[in-house]
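Architecture and fold: a report
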Amino acid sequence: SFQVRNESDNGQRIQFLSKIPGKDLVIGAHYICMQMFKVDLKTKVCVSSMEKISSYGGQVDCGTYLNQIFYPASYTKAVVYAMKPEEPFQYGQNPHMIGEIGERQYRPVSMVNDGRYIYIATKSEYGTVEGALTVFDPETEQMEVYKDFVRDQNPTSLFYHKSTGYLVGTTQ
């Protein structure tokens, strides 16, 4: 297989942005082309993956940073990846795919972490309302999926309140 250059001189919509805590670095993704980019806020240099980061279609919709690793998640099939932000993009390696969330989950909408685990809110497949909350353990790369945790709803956001230890979210 090979990569086809995926460049546009017209620009593309930004789907996702995340400032890396404690660093002058922003990670982002474009809409629908499975590309990512990094912006160094000090030097104002932007580096793009230029090629797709994965064989999946869609785009990165959310992500979180934990223990020097950035964890993005993409639509379609709610796929989780891991990347080292300071290293160059390299297809299949940085970021590398951890796996699909499964359980008919399709669109990740929010990711947060509590310093140990990563929590991922996902919408279920089109035409269904059985969204999930997934608890991802980065040390083991195992996922526990709590499908339809709010009956007949899809989650739309997550927030981790550090001082109380509460995970807060919204649904539709």
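Anyway, here's the lowdown on the structure attached to this text. Because the structure is predicted, anything quoted here is derived from the model rather than measured.

Note that the residue after Tyr 75, namely Thr 76, is joined by a cis bond; omega there is 15°. Summarising the element assignment, Thr 76 is placed in the loop between strand 6 (69–75) and strand 7 (79–82). Pro 95 follows Asn 94 through a cis peptide bond whose omega is 5°. Along the chain, Pro 95 falls in the loop between strand 7 and strand 8 (96–100). The backbone phi angle of Glu 103 is positive, close to 55°, even though this residue is not glycine. Within the secondary structure, Glu 103 is located in the loop between strand 8 and strand 9 (105–113). Residue Arg 104 is not a glycine yet carries a positive backbone phi of 60°. Of note, Arg 104 is situated in the loop between strand 8 and strand 9. What makes Arg 104 partly exposed here is its relative accessible area of 41%.

The rules we used
- Just so you know, the residues in each chain are numbered from 1, in the order the chain's sequence is written.
- With pLDDT at 70 or above as the cut-off, local features in this predicted model cover only qualifying residues; side-chain atom pairs require 80 or more to be listed or tallied, and sums for whole chains, interfaces and linings still use all residues.
- Side-chain calculation: all heavy atoms of the structure are included, whereas hydrogens and water are not.
- Only runs of H or I of at least four residues qualify as helices and only runs of E of at least two qualify as strands under DSSP, and these elements are numbered from the N terminus.
- When accessible area is computed with a 1.4 Å probe and restricted to protein chains, residues below 20% of their type maximum are described as buried, those above 50% as exposed, and intermediate ones as partly exposed.

What is shown is where atoms sit, not what they do.
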